[in-house]
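Letter by letter, the chains look like this.
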Amino acid sequence: MSKGRKTVRDPVCGMAVAPGQHALVHLQMEFAFCSEHCRAHFLAHPHLYIGYPGVPAARQQGKSVLKRRRLQLSRPLSAEGASIVEAVLRELMGVVQVSVAGEVIEISYDLLQVSADDIEVALTAAGVRLGQGWTERLQRACTHQVEEWEIEGLEVIPPRRSDRR
Ligand SMILES: [Zn+2]
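All chains use their own residue numbering, which begins from 1 and follows the written sequence. Under the rules for a predicted model, residues below a pLDDT of 70 receive no local features and side-chain atom pairs below 80 are neither given nor counted, while totals for whole chains, interfaces and linings still include all residues. With hydrogens and water excluded, all non-hydrogen atoms of the structure serve as input to the side-chain values.

**Student:** What's the story with the coordination of the zinc ion in this structure? I'm lost.
**Tutor:** Six octahedrally arranged donors around a metal ideally form angles of 90 or 180 degrees; four tetrahedrally arranged donors ideally form angles of 109.5 degrees. For Na, K and Ca the donor cut-off is 3.2 Å, while for other metals it is 2.8 Å, and in both cases only N, O and S atoms qualify; water is not among them, so sites may look incomplete. Distances from the zinc ion to its protein donors, Asp10 (OD), Cys13 (SG), Cys34 (SG) and Cys38 (SG), fall at 2.1 to 2.3 Å. Around the zinc ion sit 4 donor atoms; with metal-centred angles ranging over 98 to 122 degrees, the donor geometry is tetrahedral. Within one chain, the residues donating to the zinc ion are spaced in sequence as D-x2-C-x20-C-x3-C. Residue cysteine 13 is found in the loop between strand S1 (8-9) and strand S2 (16-17), and its partner cysteine 34 is found in the loop between strand S4 (29-31) and helix H1 (36-44); the two are separated by 21 residues along the sequence. By the burial criterion, cysteine 13 is buried, and cysteine 34 matches it. A four-donor site is classed as tetrahedral when every donor-metal-donor angle falls between 85 and 135 degrees; four donors are called square planar, and six octahedral, when trans pairs exceed 155 degrees and all remaining angles lie between 65 and 115, with any other arrangement labelled irregular. Numbering of helices and strands runs from the N terminus, with a helix taken as a DSSP run of H or I at least four residues long and a strand as a DSSP run of E at least two residues long. Burial here depends on accessible area, computed with a 1.4 Å probe over protein chains only, as a share of the maximum for the residue type. Under 20% is buried, over 50% is exposed, and the range in between is partly exposed.

And the structure:
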């Protein structure tokens with residue numbers, strides 16, 4: 001029953017996906033995504049992933065923006081808890097490396113695919129409580145803001161008409 005259906009590339013993570021999956025239309029082109037996660041990242045900053053004629057986006061140039069962070073938990077995890085948390089984080093698109101030991105999570109990820117905010121949301125959903133001291137909270141809020149600025153700065157802008165003659 002195969003209709004010889006082609007796959008298309010998820011512009012965020014690069015996975016091959018079925019056309020129409022989690023799809024959206026941007027600049028009259030249809031894009032498909034592996035998950036709501038990638039779709040949401042695209043919607044927030046499409047021009048990290050899709051450029052303009054003659055102006056490739058960061059992701060189209062094969063760029064990744066690796067971040068390494070250390071997250072402090074409110075209390076140490078058991079060995080079993082730590083391996084569950086590691087598995088949850090590895091599932092996240094764009095996470096490159098994770099290690100959980102006691103009350104510290106070390107994580108590396110590609111900011112073009114996943115943000116500190118996403119990671120914290122996933123941790124909270126898994127029932128993990130991050131450190132609640134004011135310095136820790138302030139540091140996390142600061143990280144979100146800095147990542148947002150960095151992402152905004154990486155989005156490509158349309159070429160000016162006067163540049164093309
Ligand atoms: Zn994806």
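**Student:** Any chance you could explain the pattern of salt bridges here in plain terms?
**Tutor:** Pairing is possible between side chains of opposite charge, provided their charged atoms come close. Any carboxyl oxygen of Asp or Glu within 4 Å of a side-chain nitrogen of Lys or Arg constitutes a salt bridge here. If you walk through the whole model with that rule in mind, you get 7 salt bridges. In this structure, glutamate 106 and arginine 70 form a salt bridge, with 3.5 Å as the shortest nitrogen-oxygen distance. One end of the pair, glutamate 106, is in strand S7 (residues 104-110); the other, arginine 70, is in strand S5 (residues 66-72), with 36 residues separating them in the sequence. For glutamate 86, the salt bridge identified is with arginine 90, shortest N-O distance 3.3 Å. Residue glutamate 86 and its partner arginine 90 are located together in helix H2 (residues 79-91), separated by 4 residues, close to a single helical turn. When its relative accessible area of 49% is taken as the criterion, arginine 90 is described as partly exposed. A network of salt bridges, in which partner residues are shared, links Arg68, Arg70 and Glu106.

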